[in-house]
Amino acid sequence: MKKRKVFIGGNWKMNLNHLEGKEFVEKLLQLIRNNEKKEIVIFPPFTTLFTVSEVIKNSKIKLGAQNVHWEDKGAFTGEISPQFLIALGCEYVIIGHSERRKYFLENDEMINKKIKKSLSTNLKPVFCVGENLEEREKGETLQVIENQLKKGLKDIKELNGMVIAYEPVWAIGTGINALPAQANEVHSFIREFISQNYGKKISENLRIIYGGSVNKDNIKDLLKEEEIDGALIGGVSIKLNEFAQIINLDL
Ligand code: PEP
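Residues numbered from 1 in each chain as written. Predicted model: local features only at pLDDT ≥ 70, side-chain atom pairs only at ≥ 80, totals over all residues. Heavy atoms only, no water.

Novice: So what's going on with the pattern of salt bridges? Residues and values would help.
Specialist: Under the defined criterion, the tally for this structure stands at 25 salt bridges. Its salt-bridge partner being Lys13, residue Glu99 comes within 2.8 Å of it at the nearest N-O pair. Of this pair, Glu99 sits in helix H4 (residues 98–103) while Lys13 sits in the loop between strand E1 (6–11) and helix H1 (18–31), and the two are 86 residues apart along the sequence. Assessed through its relative accessible area of 25%, Glu99 is described here as partly exposed. Its salt-bridge partner being Lys200, residue Glu204 comes within 3.3 Å of it at the nearest N-O pair. Taken together, the residues span about one helical turn, with Glu204 and Lys200 both in helix H9 (residues 200–205) at a distance of four residues. By relative accessible area, Lys200 is classed as exposed at 57%. Within this structure, Glu39, Lys62, Glu91, Lys124 and Arg207 form a network of salt bridges that share partners. (Salt bridge = Lys/Arg side-chain N within 4 Å of Asp/Glu carboxyl O. Helix = DSSP H or I, 4+ residues; strand = E, 2+ residues; numbered from the N terminus. Buried < 20%, exposed > 50% of the residue type's maximum accessible area, 1.4 Å probe, protein only.)

See below:
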């Protein structure tokens, strides 16, 4: 039995338009059984949020967004307000995903503003951290993670439902997942950082999830690790049967 409620997130990335996404969740709901032990959250693209929200209303699947802006409104062409996400029923938002850091040049300061804004709007951040291959090979993993945590959480007093996702960049979309023990080591480090900065009680309640090439075959071993409280799943979250199998796993 896990100490904390297992979090299974499906990051659809830029896949499934509003019609495809609706059909996907209609089918998914037929395949999954009620399992109170897990929290299931899907993260469709912005334009798919509305149709999906209509289907999953009153179901056990929750909604999240893949990004958010740090202002409520104004002259920010192309951006999305946290208020719009709340209005659609989003409970979570992914912040600091490595694809946003890499392709859209999001830096720690922007990530910090997004986290602060989300927390003040009652959106729960899924704050992503992770080292790249070069950093791991140089033995800099924990230093990189600490730096991302320090800067991303700067001046943040309360974590209010936040989830931290450890997503080693070298494992995302590559088919090479971190070994359970490798991930667990970083998760323990993150929990210790939170304990030192926010206190033991908050750190014990915080969910730290793993992301990077998770599939139906490797997830069980990952979740056996004490410090791994769930998974953020990319590629496999749009494979209907496999994602349903993961949701239905007995833990
Ligand atoms: C992700 O997008 O957060 C992710 C972990 O992707 P994948 O599962 O495809 O590696």
